[in-house]
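# Inside the fold
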Amino acid sequence: MVALEDVEATLLQKPSGDAAEAPERKQAAYHPLKSFDLEKDRQYQQQFADMYFLRLTKIKPAVEAIADATWKDTVIGGERAKQVERVLDVRQGELCWVAGTIYIDMPLKPSILDDVAKDRWISAPSTVQKYFSEDDRDVVMMEDESGRVRLIGDALKSVILVTGCIIAVLGTENASGEFEVIDLKFPDLPPQPERWELSKPTNDVKQEPTGEDVEMSEGRQPGSGSKIAIVSGLEFSDSDASYAMELDLLLEFLLGEALGPSAQKELTHISRLIIAGNSIGPEHRPAQEEAGEKKFHKKYGYDSSSYNALPSQLLDEFMSEVLSTMPVTLLPGHLDPSNASYPQQPIHAAMFPKAKTYAALPGVASPGWLDCVTNPWEAEIEGWRVLGTSGQNIDDIFKYVDSDDRLGMMEATCRWRCSAPTAPDTLWTYPFQEDEPFVMRTCPHLYFVGCQPEFGTKIIQGPDGQMVRLVTVPSFVKTREILLVDAETLDISKVKISA
């Protein structure tokens, strides 16, 4: 007979007799910003044209400064390049450069004018996977308050361009009235704030010297500070239970209940969970309901027979369990119960009867452990400026280009200084009149996009030493993956949850 002491295992052991020491979870400094909050009494009667003018006014000086520094001494064929103030001021045969807004005319792109012509007052969401045409039918134009001019040239094919981005182009107008582009410039990354600009470091984490973000690189060793967990695409469903086991394992992983003592000690470094969109799965209706064979009986203004509260209840139970040990930041996605237009406003805490006990009381400025935020969302975590979205901005840019490089699209939004350039053209948005919140005034240290097909990360650099960690957060329902961000180095580790 084998004695228990002879078994080499970590589970089959006699009680040690020592008092168990409860692991203590690390805390992280957290300062959310209200960059994308809308007023309660917002109106939708205004036009969208003001957004383009606001965007051009804010970004044009930056791109003109870069263009002037690059092209002011440019001489081609004995002619010196000069700046023209407006698009329609370009003259045939004269070497010049001009800044403006890009507009791409695409035959496959949905048009509200077509819907109005067909007496459709509300357009349906587009199901087209790609807007670009492989037969070169797409037309690239630059516009400002004076008018438009068509752009041509091989330089346009070497970069990512979408409707709404602000650039400067160097070239000359030909006999056909088209502007032949020789070179082009982006506004590039905006100024980056110093670490710990808005908040103070926690007691258990020492403040790093100024310029640590300059040393950020993929080869650095992980720090000993806290970690931020980011997951997206949980998609709690009332009918699909194929990944229910993985969701339970994810919860046990975050709570530290599924691993040994050494792993539990490591998991205490996770100081916050960020859920980046699509927490509720799509609705699955029976075929007879979709065909209209079943008649719905409405009561109190909504269809009680078709509404199912189970997905939100499952999400509520999941978050209430996590909130007992760590704070949670919840971003809405396109499947979640929030407004469809950008920026999406926070999911109301009343949707979560159990988790809302951890939310801040009305009128309290400081956030609670449950922080329901907007999409996009901006905050300062452990001194780092963080910008995050649930993926609609990158998904829409993806339709404009013949590429699957989503990190490259994220980098382009940073170089354009605009997180959602395709709004309001093809990305539904609120018609802003006095401000354009999608313009990046400051450069983030960490920029993540949720609900993406796969995980990816890279670091980009700016002309003034800015460094940004780009992260595509994979959809959990498709990949079973969660990401951990080291709060000291911004290094990323991926954890696979599998049953």
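Described below are features of the structure shown in this document. As a convention, each chain's residues are numbered from 1 in the sequence order in which they are written. Local features in this predicted model are restricted to residues of pLDDT 70 or higher, and side-chain atom pairs are both shown and tallied only at a pLDDT of 80 or more, whereas totals for entire chains, interfaces and linings draw on every residue. The side-chain numbers reported here are obtained from all heavy atoms of the structure, hydrogens and water having been left aside.

## Details of the sheet that holds strand β15 (residues 370-372)
Pairing between strands is defined by DSSP: at least two bridges between the two strands are required. Comment: elements are numbered from the N terminus, with helices defined as DSSP H or I runs of at least four residues and strands as E runs of at least two. Strand order in the open sheet formed by six strands is β15-β14-β11-β10-β21-β22, with mixed pairing between adjacent strands. A single partner strand is all that each edge strand has here, and the edge strands are β15 and β22 (492-496). In this sheet, adjacent strand axes meet at a mean angle of 20° when their direction is disregarded. Sheet topology note: the strand β14 (residues 328-331)/β15 ladder contains three bridges and is parallel. Bridging across to β15, leucine 330 finds its partner in cysteine 372. Working rule for contacts: check all heavy atoms of both residues, and any pair within 4.5 Å makes them a contact. Interaxial angle, 0 to 180 degrees, is taken between N-to-C directions of lines fitted to C-alpha atoms, where a helix line uses only the stretch in contact. With respect to the sheet, helix α3 (residues 244-255) is in contact with β10 (227-231), β11 (270-276), β21 (481-486) and β22, its orientation differing from that of β21 by roughly 20°. The sheet strands contacting helix α6 (residues 310-323) are β11, β14 and β15, and the helix crosses β14 at an angle near 150°.

## Quick look at the environment of isoleucine 102
Take isoleucine 102: it is sitting in strand β5 (residues 96-105). C-alpha of isoleucine 102 to C-alpha of arginine 148: the two residues are 46 residues apart in sequence and 9.4 Å apart in space. Every residue in contact with isoleucine 102, bar those within four places of it in the chain, is listed here: Val140, Met141, Met142, Leu151, Val162, Thr163, Gly164, Cys165 and Ile167.

## Observations concerning the pairing of strand β7 (residues 148-152)
Whether a residue is buried, partly exposed or exposed follows from its accessible area with a 1.4 Å probe, protein chains only, as a fraction of its type maximum: under 20%, in between, or over 50%, in that order. Here β7 shows a clear split, with Val149 and Leu151 buried on one side and none of Arg148, Arg150 and Ile152 buried on the other. In terms of strand pairing, strand β6 (residues 139-143) meets β7 through four bridges, oriented antiparallel. Its bridge partner being in β7, methionine 141 is matched across the sheet by arginine 150. Counting the residues between successive antiparallel strands, the hairpin from β6 to β7 contains four residues, one of them, glycine 147, with a positive phi of roughly 160°. Inspection of the sheet shows β7 paired to strand β9 (residues 179-185) by two bridges, in the parallel sense. In the strand pairing of β9, isoleucine 152 is matched with glutamate 180.

## Notes on unusual backbone geometry
Among all residues except glycine, the phi angle is most often negative; among peptide bonds, the trans geometry is most common. With an omega of 5°, the peptide bond between asparagine 375 and proline 376 qualifies as cis. With respect to the secondary-structure elements, proline 376 resides in the loop between β15 and β16 (377-381). The omega torsion of the bond from alanine 423 to proline 424 falls at 10°, within 30 degrees of zero and hence cis. One can find proline 424 in the loop between α8 (406-416) and β18 (446-452). The backbone of aspartate 188 shows a phi angle near 70°, a positive value even though the residue is not glycine. One can find aspartate 188 in the loop between β9 and β10.

## So, the pairing of β11
Residues in a regular strand point their side chains to alternate faces of the sheet. Judged by how many residues are buried, β11 sits mostly within the fold: seven of seven residues are covered. In this structure, β10 lies alongside β11, joined through five bridges in parallel fashion. The residue of β11 that forms the bridge with isoleucine 230 is isoleucine 274. Relative to β14, β11 runs parallel, the two sharing four bridges. Note on β14: the bridge partner recorded for alanine 276 is leucine 331.

## Here we look at the pattern of salt bridges
By salt bridge we mean one thing: a side-chain nitrogen of Lys or Arg within 4 Å of a carboxyl oxygen of Asp or Glu. This structure, assessed with the given rule, holds 22 salt bridges. For the salt bridge of glutamate 64 with lysine 60, the shortest nitrogen-to-oxygen distance reads 3.9 Å. Of this pair, glutamate 64 and lysine 60 both sit in helix α1 (residues 49-71), four residues apart, which is roughly one turn of that helix. Per residue, the accessibility class of glutamate 64 equals that of lysine 60, and both read buried. The partner of lysine 458 in a salt bridge is glutamate 411, with the nearest N and O atoms 2.7 Å apart. Here glutamate 411 lies in helix α8 and lysine 458 lies in strand β19 (residues 456-461), a separation of 47 residues in the sequence. Look at lysine 458 and you get partly exposed, because its relative accessible area is 25%. Look at the salt bridges and you will find they share partners, linking Asp188, Glu411, Arg415 and Lys458 into a network.

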